Amino acid sequence: MEQEKVKVLIIGSGPAGYTAAIYAARAGLKPVMVTGGEPGGQLTTTNDVENYPGYPEGINGPQMMVDFQKQAERFGTDIRYGMVTSVDFNGYPHKAVVDEKYELVAEAVVIATGASAKYLGLPSEEKYYNKGVSACAVCDGFFYKGKTVAVAGGGDTAAEEATYLANLCPKVYLLVRRDEMRASKIMQKRVMNTPNIEVLWNTETDEILGDGDNVTGVRVTNNQSNETQELDIEGFFVAIGHKPNTDIFKSFLDMDDTGYLKVNPGTAKTKIKGVFVSGDAADKVYRQAVTAAGTGCMAALDAERYLTEEGII
């Protein structure tokens, strides 16, 4: 297989990857970015972004990622469309295979592969995505201010999303599949103490209803009584968790039981020298574009310092 040597390899795009690229390129490190299967990451499936600084009128997600890409390219980032299908961090320098076609050999690697929201798998969920269906209350909740919404899930994420939305919406239905929540006790207590959250136990989502343009309701079934009902809502939030896109790193890097990569606190460093992590591949708490960009900056600066200390640059 053909090999190519690079100084800094960035695996994945999105706010984390592009920010790392901007910093690395301005430092003269000539970064090569392999975008991954979804160039631009989760933001390319988001219509309106209103909470990223510098866009006072807001911006749609795909256009925002085009802006990030242009800025990275302006300073000389080599952006390649493709997928890193395997890595080898056992030796040094580090190796990554792209699309099973060629191998990049890198002095430093920045991982920015992100995470993907888990969905229920309903055709209507896909049909109304960004038309009332969302997987991020912090991102999209503002658009449903004063409206009735539903949240599907029973863990901490669902509890957090429901209580967040309860500050914006007059009524929030929390749809829990079991007769109890998996959320921590403190989060359960917070849900129960919020008067405008109504928890529907043993409740499965059958179909998200709409008029073709927007969500108008949801049909649910109680899995104990088999009773079906339709709830009038304008927003449906899926909160059943995220899956970090980190499978190819399992043999090499430390991760938690859900696959989020572990870094040395306060840094982007992993246990392997020359390998750094940014964005949602490591962040299961905030998962915002601005925090991803911040850790992308950290990863690039950590990589630059590493290369300097090792005498590589």
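The preceding data block contains the structure.
Residues numbered from 1 in each chain as written. Predicted model: local features only at pLDDT ≥ 70, side-chain atom pairs only at ≥ 80, totals over all residues. Heavy atoms only, no water.

Caption draft 1: Quick look at the layout of surface pockets. Reported here for the second largest pocket is a volume of approximately 300 Å³. Contributing to the lining of the second largest pocket are 15 residues, with Leu120, Gly153, Arg177, Glu204 and Ile240 lying nearest its centre. With three residues, the single largest contributor to the lining of the second largest pocket is strand β12 (residues 203-210). Considered class by class, the residues forming the lining of the second largest pocket number six nonpolar, four polar and five charged. (1 Å grid on protein atoms, 1.4 Å probe; cavity = no way out; pocket = protein on both sides within 12 Å on 5 of 7 lines; lining within 4 Å. Points joined across faces, edges and corners; volume = space filled by probe spheres on them. Helix = DSSP H or I, 4+ residues; strand = E, 2+ residues; numbered from the N terminus. Nonpolar A, V, L, I, M, F, W, Y, C, P; charged D, E, K, R; others polar.)

Caption draft 2: Layout of the nonpolar core. In terms of nonpolar packing, the biggest core is built from 29 residues, with Val8, Ile10, Tyr18, Tyr52, Met64 and Phe276 touching the most fellow members. Of all the secondary-structure elements, those providing two or more residues to this core are β1 (2-11), α1 (14-26), α2 (61-74), β6 (102-111) and α7 (289-309). Element by element, the count of residues in this core is highest for α7, at seven residues. Grouped together as the second largest cluster of nonpolar side chains are 23 residues, Val6, Ile11, Ile272 and Val277 included. (Core = buried A, V, L, I, M, F, W, Y, C linked by side-chain atoms within 4.5 Å. Buried < 20%, exposed > 50% of the residue type's maximum accessible area, 1.4 Å probe, protein only.)

Caption draft 3: Representation of the state of the cysteines within the structure. By the definition in use, this model includes one disulfide. In this model, cysteine 136 is linked to cysteine 139 through a disulfide, with the two sulfur atoms separated by 2.2 Å. Note on the cysteine 136 and cysteine 139 pair: the S-S dihedral is about 70°, so by sign convention the disulfide is right-handed. Residue cysteine 169 stays outside any disulfide, its sulfur separated by 14 Å from that of cysteine 136, the closest cysteine. On the basis of relative accessible area, cysteine 169 is assigned to the buried category, the value being 3%. (Disulfide = S-S within 2.5 Å.)

Caption draft 4: The packing of aromatic side chains, seen in detail. Enumeration over the complete set of coordinates arrives at eight aromatic pairs. Each ring, one from phenylalanine 142 and one from phenylalanine 143, has its centre 6.4 Å from the other, and the planes form 75°; the classification is edge-to-face. Grouped by ring-pair contacts, the aromatic residues Tyr52, Tyr55 and Phe68 constitute a single cluster. Above the ring of phenylalanine 75, the side-chain terminus of arginine 26 is found at 5.4 Å from the ring centroid. (Phe/Tyr/Trp six-rings, centres within 6.5 Å; stacked < 30°, edge-to-face > 60°. Lys NZ or Arg CZ within 6 Å of the ring centre and 35° of its normal.)

Distances and angles like these do not, on their own, reveal function.
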